[in-house]
Amino acid sequence: MVTANSVHESANDLVARFAERYGFGEDELLNTLAQTAFRQQNGSLPTREQLMSLLSVADTYGLNPFIRQIWALSDRRGGVLPVISIDGWTAIMNSYPQSDGMEFHYPDELIAFDEDMRQCHPWMECVIYRKDREHPIRVREYLDELYRPAVIKNGKKFPGPWQTCPKRMLRHKSQIQAIRIAYGLSGLFEPDEAERILETQMGEPVPDLREAEPKVVEQDSGKERDKPQPVSSEPDVLDEALAEMSGELLPEKDVATDEVPEPGDLEPQVLSFIDQIVDRAKGTGAFTAAQGFAQERFKDDGNALNYCLFRLDEAQAASVPPASVA
């Protein structure tokens, strides 16, 4: 029979085991994780229950949150999603003694769905070998089911990883899905999945390009005809939602009031969305782009706009290191 005492003891054992692994005191471990990898999007600290849930996932799969193999994304319902980076998925695969390597297959054909993206294979297949299986596990992911177009705000485009490095994004997708199937993993999310879940909760559906007509790129031409270069200069961003704000900057607008805005009159979902904008800007340093994003997103809601810009100004000021004294 499971009792409250046995659950408490199990949680204490988990914290003690994790603390010993990384050389922390137990209280120091929980505080450090709460302030860093498991910090909520709105800046508040996670509850002990949320910490235990995330620690359990990290402990089960041997993931290190201090090197971003796992982190937390808060959703609008007050929960947290355990998000695993590509390095984390690879670490999980390599932790199984049955693992026997993997390889990738893809066609020579290259396509582009729009003028913003670089040429990419229409599909990529990841093959994972296990020593205890006679046949390898093959998982093929298709570009037309995954590609996300550049975000357009106020007539300006914000290219992301699907424009600047689509081959890498497609490779990561096929690798993660193959690992998930090969080792029967569930309840874990990769960054793109987590962002799509949050977008769905915010009522902002991801555009579907599966009916878009791709244009075939001549492989021997050496370049694509009349194809402009992407604007973004950050092709390695794992979280493509962050990259959506790291491209060309939007023009700034003046805030209508000098008073410090109060969030009390804003809906919880709006506050949650503002928290995500601020957190993403802090992660990329793209504060001006985030301000432009907010100006377009909240153009019909002055209170939300003022509060969002105020939060961004606060975060930007906090991110600037103090000037050294000569």
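Residues numbered from 1 in each chain as written. Predicted model: local features only at pLDDT ≥ 70, side-chain atom pairs only at ≥ 80, totals over all residues. Heavy atoms only, no water.

Take the sheet that holds strand E6 (residues 137-142) next. Sheet strands associate in pairs through backbone hydrogen bonding, adopting either a parallel or an antiparallel arrangement. What the 3 strands build is an open sheet, ordered E3-E5-E6; its pairing is antiparallel. Sheet topology places strand E3 (99-105) and E6 at the edges, where each strand pairs with a single neighbour. Taken pair by pair, the neighbouring strands of this sheet meet at an average axis angle of 15°, ignoring direction. Relative to strand E5 (residues 123-130), E3 is paired through 5 bridges, and the arrangement is antiparallel. Paired with serine 99 across the bridge in E5 is arginine 130. (Pairing = 2+ DSSP bridges. Helix = DSSP H or I, 4+ residues; strand = E, 2+ residues; numbered from the N terminus. Axes fitted to C-alpha atoms, helices over the stretch in contact; angles between N-to-C directions.)

The subject of this paragraph is the environment of arginine 130. Inspection of the secondary structure puts arginine 130 in strand E5. Sequence separation between arginine 130 and alanine 182 is 52 residues, and the spatial gap between their C-alpha atoms is 8.2 Å. Excluding its chain neighbours within four sequence positions, the residues that come into contact with arginine 130 are Gln98, Asp100, Ile137, Ala182 and Tyr183. A polar contact of 2.7 Å, which involves the side chain of arginine 130, links it to the side chain of aspartate 132. (Contact = heavy atoms within 4.5 Å. Polar contact = N/O pair within 3.5 Å; in protein donor to acceptor, adjacent residues only side chain to side chain.)

Inspection of every chain in the model, using the stated rule, returns 6 aromatic pairs. Judged by centre distance (5.2 Å) and plane angle (15°), the rings of phenylalanine 24 and phenylalanine 66 are stacked. Linking phenylalanine 24 in the loop between helix H1 (4-22) and helix H2 (26-35) with phenylalanine 66 in the loop between helix H3 (48-61) and strand E1 (70-74), this pair joins segments that are 42 residues apart in sequence. Ring plane angle 80° and centroid distance 6.4 Å describe the contact between tyrosine 147 and tryptophan 162, whose orientation is recorded as edge-to-face. Taken together, the residues tyrosine 147 in the loop between E6 and strand E7 (151-153) and tryptophan 162 in helix H5 (residues 161-164) connect sequence positions 15 residues apart. (Phe/Tyr/Trp six-rings, centres within 6.5 Å; stacked < 30°, edge-to-face > 60°.)

A few words now on the pattern of salt bridges. Evaluated as defined, the whole model comprises 9 salt bridges. Notably, a salt bridge pairs aspartate 116 with lysine 157, separated by 3.0 Å at the nearest N-O pair. Of this pair, aspartate 116 sits in the loop between strand E4 (111-112) and E5 while lysine 157 is found in strand E8 (residues 156-158), placing the two residues 41 residues apart along the sequence. A residue is classified by how much of its surface remains accessible, and aspartate 116, at 14% relative accessible area, is buried. Taking the shortest distance from any N to any O, the salt bridge between arginine 140 and glutamate 125 comes out at 3.4 Å. Here arginine 140 is found in strand E6, whereas its partner glutamate 125 is found in strand E5, with 15 residues between them in sequence. Taken together, the shared-partner salt bridges connect Arg17, Arg21 and Asp59 into one network. (Salt bridge = Lys/Arg side-chain N within 4 Å of Asp/Glu carboxyl O. Buried < 20%, exposed > 50% of the residue type's maximum accessible area, 1.4 Å probe, protein only.)

Another point: the environment of phenylalanine 38. Within the secondary structure, phenylalanine 38 sits in the loop between H2 and H3. Remark: the alpha-carbon pair of phenylalanine 38 and isoleucine 70, spanning 32 residues in sequence, is separated by 8.9 Å. Residues contacting phenylalanine 38, with those up to four places away along its chain left out, are Leu33, Pro46, Leu51, Leu54, Leu55, Pro65, Ile70, Trp71 and Ala72.

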